[in-house]
Amino acid sequence: PSSSSVLVIIVKEAKLSPKFAKSVGKNAVILNFKDPYEKQLPYWVKEIANSYGKRIEPGVSEYFINFVGNDLERIDSEISKLISYVGDKDTISVKDLEEMVTDTKVETIFEFIDSLSSKNLMQGLRMLEKMLVAGEIPVRIIAMLSRNYRILWKVKKCLKAGIRGKNLADHC
């Protein structure tokens, strides 16, 4: 190999054995770039805006994350749009955000149930609040929750009885 060659390998997730990491580490650098935790996203948004020379009004970065979600590519894309939209203004306001960023984060009852099932209570509460603000009827939310848990209870009961595969759908 040439001494001036550089090999870059990008992986979503790597599980390196200590032996492999040690042997590669002699001739290479391993960099690990983790996504920020959800609670760190508002700070991350502020930092990106600062890198463009813009300031974000207090509370706007949290509001922004509520609109956009935690998809880092989408966050970057929407911030770029906001930066272009505000032009020469130094500060990004709530008004700028509401005029420019569309709320395309799909909040459905099923995603709400998924967040509760995965014990992501903060996301579940945000989704519940958003559904209620959007006019979702609370009784419908409760009915869908109870339906979902009733189905899960039936499936669990069938599995305990040894019912599997195609028969599971027929009996449950």
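In the block above lies the structure referred to throughout.
Residues numbered from 1 in each chain as written. Predicted model: local features only at pLDDT ≥ 70, side-chain atom pairs only at ≥ 80, totals over all residues. Heavy atoms only, no water.

Which parts of the structure should I look at to understand the pattern of salt bridges?
All told, the structure shown has five salt bridges when counted by the stated rule. Residue Lys-81 is joined to Glu-78 by a salt bridge in which the shortest nitrogen-to-oxygen separation is 3.1 Å. In this pair, Lys-81 and Glu-78 are both assigned in helix α4 (residues 72–86), three residues apart and thus about one turn of the helix distant. Residue Lys-81 is classed as partly exposed on the basis of its relative accessible area of 35%. Lys-95 serves as the salt-bridge partner of Glu-99, at 3.7 Å between the closest nitrogen and oxygen. With a gap of four residues between them, Glu-99 and Lys-95 both fall in helix α5 (residues 94–100), about one helical turn apart. (Salt bridge = Lys/Arg side-chain N within 4 Å of Asp/Glu carboxyl O. Helix = DSSP H or I, 4+ residues; strand = E, 2+ residues; numbered from the N terminus. Buried < 20%, exposed > 50% of the residue type's maximum accessible area, 1.4 Å probe, protein only.)

What am I meant to see in the packing of helix α2 (residues 41–51) against α4 here?
To describe two helices that pack against each other, one gives the angle between their axes and the distance between the axes. The geometry of α2 relative to α4 is characterised by a closest axis approach of 10 Å and an angle of 40° between their N-to-C directions. Comparing their axes, α4 and α2 come out oblique. Helix-helix and strand crossings are classified by hand; for α2 and α4 the assignment is right-handed. Residues Leu-41, Trp-44, Val-45, Ile-48 and Ala-49 of α2 form the contact with α4, whose own contacting residues are Leu-72, Ile-75, Asp-76, Ile-79 and Ile-83. Split into classes, the residues belonging to the contact of α2 with α4 amount to nine nonpolar, no polar and one charged. (Axes fitted to C-alpha atoms, helices over the stretch in contact; angles between N-to-C directions. Parallel < 35°, antiparallel > 145°, perpendicular 65-115°, else oblique. Left-handed = near helix turned anticlockwise from the far one by under 90°. Contact = heavy atoms within 4.5 Å. Nonpolar A, V, L, I, M, F, W, Y, C, P; charged D, E, K, R; others polar.)

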